[in-house]
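So the chains spell out like this:
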Amino acid sequence: MRILPFLYALLLLMLQGAAGKTLSRGSPQDCERRGGFCSHGSCPPGIGRVGLCSVHEFCCRSRWYP
């Protein structure tokens, strides 16, 4: 029973981390301001998704971008 408070705290931390992983919806101009580019379908290998440009386009940005 001592482990339950630790499991509860771990669950809360995981939920907070998952909330930060949502993709923000914006426009191609917003994406460019963030240092990214719009890509249809998916981002190229090694490039991460940082938002949405439209329903079918993702805002992609290099993981090494500051």
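Residues numbered from 1 in each chain as written. Predicted model: local features only at pLDDT ≥ 70, side-chain atom pairs only at ≥ 80, totals over all residues. Heavy atoms only, no water.

## So, the pattern of salt bridges
Argument step 1. Taken as a whole and assessed by the stated rule, the structure comprises 1 salt bridge.
Argument step 2. Two residues, Asp30 and Arg33, come together in a salt bridge whose shortest N-O distance is 2.6 Å. Here Arg33 and Asp30 lie together in helix α2 (residues 28-33), a separation of 3 residues that amounts to about one turn.
Argument step 3. A relative accessible area of 31% means that Asp30 is categorised as partly exposed. (Salt bridge = Lys/Arg side-chain N within 4 Å of Asp/Glu carboxyl O. Helix = DSSP H or I, 4+ residues; strand = E, 2+ residues; numbered from the N terminus. Buried < 20%, exposed > 50% of the residue type's maximum accessible area, 1.4 Å probe, protein only.)

## Here's the deal with the confidence of the model for the protein
As a note on interpretation, predicted positions should not be read in detail where pLDDT is low.
Argument step 1. The share of residues in the protein with pLDDT of 70 or more is 68%, and the mean pLDDT across the chain is 78.
Argument step 2. Ranking the elements of the protein by mean pLDDT puts strand β1 (residues 24-25) last, at 64, and strand β2 (residues 37-40) first, at 93. (pLDDT = per-residue confidence, 0-100.)

## Here's the deal with the UniProt feature "domain: Beta-defensin-like" (unreviewed entry) in the protein
Argument step 1. The sites that carry the UniProt feature "domain: Beta-defensin-like" (unreviewed entry) are, in the present numbering, residues 28-61.
Argument step 2. Overall, residues 28-61 shows 18% helix and 44% strand. The separation of its end C-alpha atoms is 13 Å. (UniProt positions renumbered as here; feature names shortened; annotations may be inferred.)

## What about the packing of aromatic side chains?
Argument step 1. Enumeration according to the criterion identifies 0 aromatic pairs in this entry.
Argument step 2. One residue, Arg49, lies across the ring of Phe58, its end atom 3.8 Å from the ring centre. (Phe/Tyr/Trp six-rings, centres within 6.5 Å; stacked < 30°, edge-to-face > 60°. Lys NZ or Arg CZ within 6 Å of the ring centre and 35° of its normal.)

## A look at the side chain of Ser39
Argument step 1. Inspection of the secondary structure assignment puts Ser39 in strand β2.
Argument step 2. Among the polar contacts listed, one links the side chain of Ser39 to the backbone oxygen of Ser42, at a separation of 2.7 Å.
Argument step 3. When neighbours within four sequence positions are excluded, Ser39 is seen to be in contact with Pro44, His56, Glu57, Phe58 and Cys60. (Polar contact = N/O pair within 3.5 Å; in protein donor to acceptor, adjacent residues only side chain to side chain. Contact = heavy atoms within 4.5 Å.)

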